[in-house]
Amino acid sequence: MTAIQMETFKIVLLGETGVGKTCILSQFIDQIYQDDIQTSTGGTFSSKTLIIGNSKLLKLEIWDTAGQERYRSLTTMFYKEANAAILVYDITRTETYQELKNYWANQVKDSAPENIILVVCANKSDLINEERVDEEEVREFANNLGAIFCITSAKNSAGINDLFIQIAKKHTGCDNIRIKNEDEEIVIEEVNKDDNNNKPGTIKIDNDNVNYKEIGRASCRERV
């Protein structure tokens, strides 16, 4: 028996208050949406594990940060050592995109690691009829920033899983990625290659009674 490779990967959610950062995280971690969820103050931490191919686990350590101006100096410490930053705006509020473009993106470029993975996330797609931010303009901005562009809805979960899957794909270069179910047992067996072409160190996954959500069909699109 040998230990499976586990990598820790830090992600930080940034953007103005009320854009849905906390709801995005709640939907990704617990598949829960709350209209009256409390606004973040400072930073809160959650984690979730992805299975990369058949040989690696990627533990996402996700920090949800406060968007209020009085917390901005505190927020800086969260993305100084981050591997990825998700810049979130509300498609119904033009000012949230302007602050993302004029403040948050510049802060990350100035303070975060040079190789950080950036994502521009257009949240609240369930309110598309109330959209006030031009999507093509944001796509161009994301492209110039070298960022992934995503469209999500924390309310109905559209694009939420794929938001994090796309980050993992860019980091690992692997297309075979899925979310690890909490009840899933993963065992590494050191055995000789058998008639089924299984190699030593292959992850053996107990698939009994595990339901996997479809991955990769949401509206998250990479712009690099």
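Residues numbered from 1 in each chain as written. Predicted model: local features only at pLDDT ≥ 70, side-chain atom pairs only at ≥ 80, totals over all residues. Heavy atoms only, no water.

A. Quick peek at the pairing of strand β4 (residues 84-90). The buried count for β4 comes to seven of seven residues, which makes it a mostly enclosed element. Side-chain alternation along β4 places Ala84, Ile86, Val88 and Asp90 on one buried face and Ala85, Leu87 and Tyr89 on a second face that is also buried. One ladder, built from four bridges, connects strand β1 (residues 5-14) with β4; its direction is parallel. Bridged to Ile11 within β4 is Ala84. Pairing of β4 with strand β5 (residues 117-123), which is carried by seven bridges, proceeds in the parallel orientation. Note that in β5 the partner of Ala85 across the bridge is Leu118. As a crossover connection, the stretch from β4 through helix α3 (residues 94-111) into β5 is right-handed. (Buried < 20%, exposed > 50% of the residue type's maximum accessible area, 1.4 Å probe, protein only. Helix = DSSP H or I, 4+ residues; strand = E, 2+ residues; numbered from the N terminus. Pairing = 2+ DSSP bridges. Right-handed = clockwise from strand over helix to strand, strands pointing away.)

B. Summary view of the environment of Ser153. With respect to the helices and strands, the residue Ser153 is situated in the loop between β6 (148-151) and α5 (160-172). For the pair Ser153 and Ile128, spaced 25 residues apart in the sequence, the C-alpha separation amounts to 9.9 Å. Those residues in contact with Ser153, other than ones at most four positions away along the chain, are Asn123, Lys124, Ser125, Asp126, Ala158 and Ile160. (Contact = heavy atoms within 4.5 Å.)

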